[in-house]
Amino acid sequence: MEIKYFLKKEKAFELMAKIIIEKVIEKPNVVLGLATGGTFEKVYENVICLSKIKNVNFSKVFTFNLDEYVNLKQELYKNSYHFYMDNNLFNFININHDNIHFPCNFQNNYNSGELFQDYDKKIHDIGGIEIQLLGLGANGHIGFNEPGSKIDSITRCIELSHTTIKDNSRYFQSINDVPKKAVTMGLKTIIDNSKMIYLLAFGENKRDALKRLIDSKGFDPNYPVTILKNFKNLIIFTDLKFN
Ligand code: F6R
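Residues numbered from 1 in each chain as written. Predicted model: local features only at pLDDT ≥ 70, side-chain atom pairs only at ≥ 80, totals over all residues. Heavy atoms only, no water.

Asks: I keep staring at the site of the ligand and nothing clicks. Help me out?
Replies: Taken together, 14 residues lie near the ligand, and Thr36, Thr39, Asp67, His141 and Gly143 sit nearest. At a separation of 2.8 Å, an oxygen atom of the ligand approaches a polar backbone atom of Gly38. Here Asp67 contributes a side-chain N or O atom positioned 2.6 Å from an oxygen atom of the ligand. Relative to its free-state accessible area of 410 Å², the ligand is covered by the protein chains to the extent of 93%. Class assignment for the residues of the shell around the ligand results in three nonpolar, eight polar and three charged. (Near = heavy atom within 4 Å. Polar contact = N/O pair within 3.5 Å; in protein donor to acceptor, adjacent residues only side chain to side chain. Areas by Shrake-Rupley, 256 points an atom, 1.4 Å probe, with all protein chains shown as cover. Nonpolar A, V, L, I, M, F, W, Y, C, P; charged D, E, K, R; others polar.)

Following this line, the structure appears as structure tokens:
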């Protein structure tokens with residue numbers, strides 16, 4: 001595990017974008033694991049900017065998003081992660097839409113616990129994910145693997161925790177509009193298929209969860225991020241300092 005400290009998070013966003021762009025140039029058919037949320041808006045903005053400057057070809061790149069809401073009302077489609085990705089990245093690069101993957105359709109309803117083995121199989125069959133981007137939930141989630149997630153979890157439908165619903169309500173008019181469920185890549189899916197993981201965590205509300213990872217001796221299901229403790233190729237970008 002390597003921790004890269006940034007005084008200004010903007011520098012981290014720039015570096016993350018540069019790493020992605022360089023990888024696409026080096027390997028045009030690279031497989032990327034993508035995250036959404038506030039943390040990645042500026043990363044993708046920088047990717048778009050650099051891709052224009054360097055005239056980068058994304059037409060052979062494959063992407064697998066980490067998660068998506070479930071049973072989102074039609075009028076709230078702008079809150080879907082499909083919409084987020086289109087508006088923050090895909091509409092501005094020449095990606096082939098057949099190469100974009102999400103774990104589910106946000107308009108459908110699924111039962112919590114329902115497994116999405118096909119998603120894991122697709123990721124496995126394509127040869128895994130070269131660069132997996134992860135944000136960090138204040139409650140220690142990665143993807144939407146909420147506290148209580150199992151070490152061997154695969155892509156599945158889960159119930160969002162109250163903390164996550166509250167945190168994500170900033171994107172909705174009312175907290176009642178926030179979906180109660182999501183489909184997320186599992187902890188095992190992430191660990192087994194990623195070659196390189198970048199975990200980005202900025203701001204004091206991420207301190208506790210990040211410290212749990214740094215101090216952990218092994219996997220603690222109360223803080224799913226601790227699954228990364230023994231993952232060799234992990235780089236953490238943060239503006240938090242720990243003694
Ligand atoms: C989003 C995702 C989540 C977020 C996390 C942090 O695809 O998987 O784990 O990365 O909730 O969200 P922000 O960046 O909004 O603080």
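Asks: How should the packing of helix H1 (residues 9–26) against helix H2 (residues 38–53) be read in this particular structure?
Replies: Two quantities define a packed helix pair, namely the angle between the helix axes and the distance between the axes. In the contact formed by H1 and H2, the axes pass within 8 Å of each other and the chain directions differ by 50°. With respect to H2, the element H1 is oriented oblique. Crossing of H1 against H2: the hand is right-handed. Along its contact with H1, which presents Phe13, Glu14, Met16, Ala17, Lys18, Ile20 and Ile21, the element H2 presents Thr39, Lys42, Val43, Asn46, Val47, Leu50 and Ser51. When the residues that make up the contact of H1 with H2 are grouped by side-chain class, the tally is eight nonpolar, three polar and three charged. (Axes fitted to C-alpha atoms, helices over the stretch in contact; angles between N-to-C directions. Helix = DSSP H or I, 4+ residues; strand = E, 2+ residues; numbered from the N terminus. Parallel < 35°, antiparallel > 145°, perpendicular 65-115°, else oblique. Left-handed = near helix turned anticlockwise from the far one by under 90°. Contact = heavy atoms within 4.5 Å.)

Asks: Please explain the sheet that holds strand E8 (residues 181–184) as it appears in this structure.
Replies: In a beta sheet, neighbouring strands are held together by backbone hydrogen bonds and run either parallel or antiparallel to one another. The strand order across the open sheet formed by three strands is E4-E8-E7, and the pairing between neighbours is antiparallel. Sheet topology places strand E4 (67–69) and strand E7 (156–159) at the edges, where each strand pairs with a single neighbour. Pairwise comparison of adjacent strand axes, ignoring direction, gives a mean angle of 30° for this sheet. Here four bridges tie E7 to E8, and the two strands are oriented antiparallel to one another. Residue Cys157 lies in a different strand from E8, and its bridge partner there is Val183. (Pairing = 2+ DSSP bridges.)

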